[in-house]
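Structural features, examined
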Amino acid sequence: MSKDQILRSAVGQRLTAAGEDVFGMFEGKIAELEEELSRTKEVHAQQQKLLDAVLKPEVRIQRLDVQQLLVVKEEVPPQQQQWSSSLKQEDPEPPHVKVEQEDPAPYVKVEEEDPAPTR
């Protein structure tokens with residue numbers, strides 16, 4: 001082999017190794033960015049759920065069966081029934097509230113001294 005062929009072969013091997021290194025670095029960076037993108041998407045989804053909960057609150061109403069209501073009504077102890085019936089009774093008169101007016105601030109009189117008589 002001539003020196004030119006040896007030099008070309010060495011340069012080719014070096015370029016191939018450098019290309020592989022660059023390619024490996026690109027693959028690593030791409031994998032890193034894909035992971036970051038995945039984490040960002042997860043954070044975005046969580047923040048979107050929070051934002052939706054604040055801006056669009058959902059009220060869920062559950063219907064009770066009539067049988068469940070009857071069971072609950074039967075389970076109320078007599079003491080609690082008396083208590084709830086006493087709450088239903090209305091007072092004939094509303095309670096009276098006594099309103100007192102505050103005394104105005106005491107009047108403070110400032111007397112000026114008479115000037116000394118001039119002679």
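Just so you know, these numbers come straight off a predicted model, no measurement behind them.

Conventions used here
For every chain, the first residue of its written sequence is number 1, and the numbers climb from 1 along that sequence. Residues qualify for local features only when their pLDDT is at least 70, as the model is predicted, and side-chain atom pairs are given and counted only at 80 or more; totals for whole chains, interfaces and linings, by contrast, use all residues. Only heavy atoms go into the side-chain values, all of them from the structure, while hydrogens and water stay out. Where helices and strands are cited, they refer to DSSP runs of H or I of at least four residues and of E of at least two residues respectively, numbered from the N terminus. Relative accessible area decides the class of each residue, using a 1.4 Å probe on protein chains only: under 20% of the type maximum gives buried, over 50% gives exposed, and in between gives partly exposed. The Shrake-Rupley method, run with a 1.4 Å probe, gives the accessible areas here. Residue values count only the displayed protein chains as cover. Only residues whose relative accessible area exceeds 30% and that take part in no salt bridge are eligible for patches, with like-charged residues grouped when within 9 Å of each other and nonpolar side chains (Val, Leu, Ile, Met, Phe, Trp, Tyr) grouped when within 5 Å. Criterion for a salt bridge: a side-chain nitrogen of Lys or Arg within 4 Å of a carboxyl oxygen of Asp or Glu.

Across its full length, the protein holds three helices and zero strands. Starting at the N terminus, the α and β elements of the protein follow one another as α-α-α. Among the 119 residues that make up the protein, the fraction classed as buried is 0%. Per element, the accessible surface of the protein, about 13,400 Å² overall, is 56% carbon and sulfur.

Nonpolar side chains collect at one region of the surface, where Leu-7, Val-11 and Leu-15 lie side by side and expose about 300 Å² of accessible area between them. Looking at Val-11, the relative accessible area reads 41%, which means it is partly exposed.

Let's shift gears to the pattern of salt bridges. Per the stated rule, a full pass over the model turns up one salt bridge. A salt bridge links Glu-32 to Lys-29; its shortest N-O distance comes to 3.5 Å. Taken together, the residues span about one helical turn, with Glu-32 and Lys-29 both in helix α1 (residues 3–55) at a distance of three residues. Overall, Lys-29 belongs to the partly exposed group, its relative accessible area being 42%.

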